[in-house]
Amino acid sequence: MRKETPPPLVSPAAREWNLPPNAPACMERQLEAARYRSDGSLLLGASSLSGRCWAGSLWLFKDSCAAPNEGFCSAGVQTEAGVADLTWVGDRGIIVASDSGAVELWELDENETLIVSKFCKYEHDDIVSTVSVLSSGTQAVSGSKDFCIKVWDLAQQMVVNSYRAHSGQVTCVAASPHNDSVFLSCGEDNRILLWDIRCPKPASQMGCSVSGYLPTSLAWHPQQSEVFVFGLPYWPLSVKTAHLLCWTQAFRRFRSRAHRDFVRDATWSPLNHALLTTVGWDHQVIHHLLPTEPLPVPGPKSVAQ
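The shown structure was predicted, so the numbers you read here are calculated from the model rather than taken from an experiment.

Which residues make up the environment of alanine 174, and what values do they have?
Among the structural elements, alanine 174 can be located in strand S13 (residues 170–175). Accessibility expressed as a relative area gives 7% for alanine 174, which makes it buried. Between the C-alpha atoms of alanine 174 and valine 141, which are 33 residues apart in sequence, the distance is 8.2 Å. Apart from residues no more than four positions distant in its own chain, alanine 174 is found in contact with Ser132, Phe183, Leu184, Leu218 and Trp220.

Structure (structure tokens):
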């Protein structure tokens, strides 16, 4: 266990190997996505990116520190293709972006030992790269490498709106936690769009363009409805207000080189706001305890050094 990992909820000696009967015998090598539930349970999406076909699986761990050990999961299921992204729909629903081009909805049974398929819909023409659930919990948004964004009615199991506002692959969509009609998207066209699906022209471009860098991730501030952050490869994290169009550069609070391959996802613990969990293609789930103060900015070296 790495030094940034907090003490486990259940001691390793007290854990019991109990692989659910319908769970796959083995988890795929590449961990693609992770999401905490409100009670601290951790959901993982895995993919096998080698061989003649790409397989995938979903896994639920009541004790997040036991992940990714298959024998300590609460539920698991094989998927027909790799898992590109996932998120919770309430406490039992799981919506998945699939490498096959499908959007899938799964649901935990009452005992949370089975993950049951509710629907699998092929509305995109390429890999579905990102999904997010609107704050109402009744609709979801998907983005794909086909440049399209689709709004889904989960109860009706159908697409209600389809948009092609990006001129490149859509890399991330992020629903506002404050407004059930608003979400953000970014893509390989180097643009970030703010969406309000109540409007006749729902998309408006944010003034966020950094030459040579593509926005790859988005997240809304949980308390401030007009603030979001976006990530750029090899660029400091940036914070922006959605309407005032003011910029600021965040202080770097933390850096870790614990992963040995691509870091694919990160998720904050709802039980400990200093705990950040990351997953990657090295098949590691690493729990980082972040400092409360930003790291000091190194000053210029003196002539004597």
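Let's hear about the environment of histidine 283: which residues, and what values?
For histidine 283, the position within the fold is in the loop between strand S22 (275–280) and strand S23 (285–289). Sequence-wise, histidine 283 and aspartate 261 are 22 residues apart; in three dimensions their C-alpha atoms are separated by 8.8 Å. With near-sequence residues (within four places) excluded, histidine 283 lies in contact with Met27, Glu28, Arg29, Leu31 and Pro68.

Can you lay out the pairing of strand S2 (residues 42–48) for me, pointing to particular residues and giving the numbers?
Of all the seven residues making up S2, six are buried; the element is thus mostly covered by neighbouring parts of the structure. The turn joining strand S1 (residues 30–36) and S2, which pair antiparallel and follow one another in sequence, is formed by five residues; a positive phi near 95 degrees is taken by glycine 40. The pairing of S2 with strand S3 (residues 55–61) spans seven bridges and is classified as antiparallel. Residue pairing across strands places leucine 44 opposite tryptophan 59, the latter belonging to S3.

With reference to specific residues and values, describe the sheet that holds strand S6 (residues 93–98).
Sheet architecture is open: four strands sit in the order S5-S6-S7-S8, paired in antiparallel fashion. Edge positions in the open sheet fall to strand S5 (83–89) and strand S8 (115–121), since each of these has one partner strand only. Averaged over all neighbouring strand pairs, the angle between strand axes comes to 20 degrees, with direction disregarded. Bridge count for strand S7 (residues 103–108) against S8 is six bridges, and the pairing is antiparallel. Residue pairing in the sheet places tryptophan 106 in a bridge with serine 117 of S8.

Residues and numbers for unusual backbone geometry, please.
Geometrically, the link from alanine 67 to proline 68 is a cis peptide bond, its omega value of 5 degrees lying close to zero. Secondary-structure assignment places proline 68 in the loop between S3 and strand S4 (75–79). Phi at glutamate 112 is positive, roughly 60 degrees, even though this residue is not glycine. For histidine 283, which is not glycine, the phi torsion reads 65 degrees and is therefore positive.

What counts and what doesn't
Residues numbered from 1 in each chain as written. Predicted model: local features only at pLDDT ≥ 70, side-chain atom pairs only at ≥ 80, totals over all residues. Heavy atoms only, no water. Helix = DSSP H or I, 4+ residues; strand = E, 2+ residues; numbered from the N terminus. Buried < 20%, exposed > 50% of the residue type's maximum accessible area, 1.4 Å probe, protein only. Contact = heavy atoms within 4.5 Å. Pairing = 2+ DSSP bridges. Axes fitted to C-alpha atoms, helices over the stretch in contact; angles between N-to-C directions.

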